Amino acid sequence: MVLKMPLIPPFSIINMAKKNINLSPNPLIMNLSELPLPDFFQQKYNKFPNLTPIQEKAIQNGLLEGRSLLTCAPTASGKTLVATMAICNTLNKGKSIYLVPLKALANEKYKEYQDLLKDTNYKVIMSTGDIDSVSNYLSDYDLLILTTEKMDSLLRHKVSWLTEIKTVVIDEIHLLNDPKRGPTLEIILTLLKTFLKPQLIGLSATIGNPKELADWLGADLIIDDWRPVELKKGIHYQKTEFY
């Protein structure tokens, strides 16, 4: 398989009026146990029976039917579980990739998914170095936690198992706008969506142009402003006044 890299315009952060986006959660509260997800997933997360608004919207917009989604919601709103549901839904069909910008975040996600999959036949691995190696041993794993640099290396080496990838999660996808990491991530996503066409799940709390990015990804945009703890803004001078 020969991978050609088409040129695409860089992204710029622009403001987008929220008045054109429905931020209100659906009044129906979904129960996690009702979803057609593996037993190991249900057992791990049964202590959180109800989905958060962003998770509900993901299900309603085809997360478990393989649709690509750009997920925009505040920190701690449940975006990672959206990614986890997508991964667990396709592990029996092929490989999943979890892309992160930093090694520290890769280590955190590796521990999280290692715990999730410890009593299953699925294997998870983290790979953040050896960017000049084909790393043939990675073919033995089902879920791969990779930095963008490592994923770029695998694409450039045209490793044989690339066609087995069914789901790719892009954490901190707003870093497309980063002058250092953005170009590499942009090329990775271009190659993935052009040649491999996996389900893409983009995660971010801070995207300035979500509609444009979703259109470029070929993904449905889901956005919500719910957070578990209310965020208050104010000025502190002798006393704090919130507004």
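Just above, that's the structure.
What you see is a predicted model, and the numbers here were worked out from it, not measured in a lab.

Chemist: A description of the overall build of the protein chain should follow, citing residues and the corresponding values.
Modeler: For the protein chain, the count of helices and strands is seven helices and nine strands. The 243 residues of the protein chain split such that 49% are buried. Sequence-distant contacts, at least 24 apart, represent 71% of the contacts inside the protein chain between residues at least 6 apart.

Chemist: For the packing of aromatic side chains, give the residues involved together with the corresponding values.
Modeler: This model, assessed by the stated rule, comprises three aromatic pairs. Measuring from centroid to centroid gives 4.9 Å for Phe 41 and Tyr 45, while their planes differ by 45°, and the two rings are tilted. Here Tyr 45 and Phe 41 lie together in helix H1 (residues 39-45), a separation of four residues that amounts to about one turn. For the pair shown, Phe 41 and Tyr 45 are each scored as buried. Each ring, one from Tyr 98 and one from Tyr 113, has its centre 5.7 Å from the other, and the planes form 50°; the classification is tilted.

Chemist: Lay out unusual backbone geometry in plain terms, naming residues and giving numbers.
Modeler: For Ala 76, which is not glycine, the phi torsion reads 70° and is therefore positive. Following the sequence through the fold, Ala 76 ends up in the loop between strand S1 (69-72) and helix H3 (79-90). Of the residues examined, Ala 76 reaches a relative accessible area of 56% and is grouped as exposed. Even without being a glycine, Ser 135 presents a positive backbone phi close to 50°. The residue Ser 135 is located in the loop between strand S3 (124-127) and strand S4 (143-147) in this model.

Chemist: Report on the pattern of salt bridges, specifying residues and quantitative values.
Modeler: One pass over the structure, following the stated rule, counts eight salt bridges. A salt bridge links Lys 109 to Glu 112, with the shortest nitrogen-to-oxygen separation between them at 3.6 Å. Here Lys 109 and its partner Glu 112 are both found in helix H4 (residues 103-117), three residues apart, which amounts to about one turn of the helix. Measuring nitrogen to oxygen at the nearest pair gives 3.1 Å for the salt bridge that ties Lys 118 to Asp 115.

Chemist: Summarise the sheet that holds S3; cite the residues concerned and give the values.
Modeler: Hydrogen bonds between backbone groups are what pair the strands of a sheet, and the pairing can be parallel or antiparallel. Across the sheet, seven strands lie side by side as S3-S4-S2-S5-S6-S1-S7; this open sheet has parallel pairing. Two strands lie at the open edges of the sheet, namely S3 and strand S7 (220-223), each paired on one side alone. The mean angle between the axes of side-by-side strands here comes to 15°, regardless of whether they run parallel or antiparallel. The pairing of strand S2 (residues 95-100) with strand S5 (residues 165-171) spans five bridges and is parallel.

Chemist: How would you summarise the pairing of S1 if you had to cite specific residues and measurements?
Modeler: Covered by surrounding structure in S1 are Leu 69 and Thr 71 together with Leu 70 and Cys 72, the residues of both alternating faces. Where S1 lies against S7, four bridges are found, and the strand directions are parallel. Paired with Thr 71 across the two strands is Ile 222, which belongs to S7.

Criteria and thresholds
- Residues numbered from 1 in each chain as written.
- Predicted model: local features only at pLDDT ≥ 70, side-chain atom pairs only at ≥ 80, totals over all residues.
- Heavy atoms only, no water.
- Helix = DSSP H or I, 4+ residues; strand = E, 2+ residues; numbered from the N terminus.
- Buried < 20%, exposed > 50% of the residue type's maximum accessible area, 1.4 Å probe, protein only.
- Contact = heavy atoms within 4.5 Å.
- Phe/Tyr/Trp six-rings, centres within 6.5 Å; stacked < 30°, edge-to-face > 60°.
- Salt bridge = Lys/Arg side-chain N within 4 Å of Asp/Glu carboxyl O.
- Pairing = 2+ DSSP bridges.
- Axes fitted to C-alpha atoms, helices over the stretch in contact; angles between N-to-C directions.

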